[in-house]
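Observations on the three-dimensional arrangement
Given next are the chains, with one letter for each unit.
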Amino acid sequence: AAEDSEARMSFLDHLEELRSRLVKSIIALAAGFGVCWGYHEEIFHFMVSPLRANYPNLELIATSPTETIMLYMKMSFFAGIFLAAPFVLYQVWAFVAPGLYSNEKAYAIPFIVFGSAFFVAGAAFGHYVLFPMTFKFLGEFGGADIKFMPKVEDYYTFYSWFLLALGLVFQVPVIIFVLARIGLVTAGFLLRQFKWAVLVAFIVAAIVTPTPDMVTQTLLALPMIALYLLGVGIAALFGKKRKRS
């Protein structure tokens, strides 16, 4: 009975720790939203810049009175995610760290620093490279018979999902680095699972892509596959060497 009580307390302690980390992460996201709200017009101009590069005279339309202010709020929260990312990643690590050995906890700084850097790099890759290519293809698909006049809300939904998905996908090398240093995965193991990684990449791309077209899904899946291969190289270079008996 005493052991059961101790186990229940341990489980409750874990729940309390999770609740604390979630609350701190939400506060950080709220603070990021507050900072970005002060620059919502600048953020809007930045977000539509890939579209303006291909369609400089294009007019975005709003079809309801509250659509614009709701859009600014969503954009501010979305941008706030990137500001709060280092703190949120720290909370993730702090929740996982008690289950690790002391030498494994030393990877907290690389996880937070490179995790944040790769998150921003993924979003930047989407903003400057993939998103302009995708939107140019989709916008011109209708030809001369259909005038391209996207709703601003639809544009933001497409943009935010695309960039957020790429930011998360770019975490793959960081996660593989930590797992390889701990000794949970090896380069050989990852190479043997490559065919499954390709399948998962296209499944994830189909789920997170806001449009059903194969072009957008492929443009998202290919970087995922490339990042997986980068993770294989990282595991080969930095993986924990296993002792031979």
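This text goes with the structure placed above it.
Attention in this report is confined to the structure presented alongside it. (Residues numbered from 1 in each chain as written. Predicted model: local features only at pLDDT ≥ 70, side-chain atom pairs only at ≥ 80, totals over all residues. Heavy atoms only, no water.)

1. Describing the overall build of the protein chain
In terms of regular secondary structure, the protein chain is built from 9 helices and 0 strands. Its helices and strands taken in sequence order, the protein chain reads α-α-α-α-α-α-α-α-α from the N to the C terminus. Across the 245 residues in the protein chain, those meeting the buried criterion constitute 40%. Within the protein chain, contacts between residues at least 6 apart in sequence are counted, and of these 82% link residues at least 24 apart. When the accessible area of the protein chain is evaluated, it comes to approximately 14500 Å², of which 70% is carbon and sulfur surface. (Helix = DSSP H or I, 4+ residues; strand = E, 2+ residues; numbered from the N terminus. Buried < 20%, exposed > 50% of the residue type's maximum accessible area, 1.4 Å probe, protein only. Contact = heavy atoms within 4.5 Å. Areas by Shrake-Rupley, 256 points an atom, 1.4 Å probe, with all protein chains shown as cover.)

2. Here's the deal with the pattern of salt bridges
For the structure shown, the criterion picks out 3 salt bridges. For the salt bridge of Lys74 with Glu153, the shortest nitrogen-to-oxygen distance reads 2.7 Å. Remark: Glu153 occurs in helix H5 (residues 152-169) and Lys74 occurs in helix H3 (residues 67-96); sequence separation between them is 79 residues. (Salt bridge = Lys/Arg side-chain N within 4 Å of Asp/Glu carboxyl O.)

3. Some remarks on a nonpolar patch on the surface
Side chains of Leu12, Leu15, Leu18, Leu22, Val92, Phe95 and Val96 sit close together on the surface and give an oily, nonpolar patch of about 560 Å² of accessible area. For the nonpolar patch, the secondary structure elements donating two or more residues are helix H1 (2-37) and H3. The biggest single contributor to the nonpolar patch is H1, with 4 residues. Structurally, the position occupied by Leu18 is in helix H1. (Patch = residues over 30% accessible without salt bridge, like charges linked within 9 Å, V, L, I, M, F, W, Y side chains within 5 Å.)

4. Let's talk about the nonpolar core
Counting residues in each nonpolar core, the largest one holds 44 residues, and the members touching the most others are Phe44, Met75 and Tyr155. At the level of elements, H1, helix H2 (40-54), H3, helix H4 (108-140), H5, helix H8 (194-208) and helix H9 (214-238) are the ones that each hand at least two residues to this core. By residue number, the principal contributor to this core is H5, which donates 10 residues. Apart from the residues lying within four places of it in its own chain, the contact partners of Phe44 are Leu60, Leu71, Tyr72, Met75 and Val152. Counting residues in each nonpolar core, the second largest holds 12 residues, with Ala108, Ile112, Val178 and Ile182 among its members. (Core = buried A, V, L, I, M, F, W, Y, C linked by side-chain atoms within 4.5 Å.)

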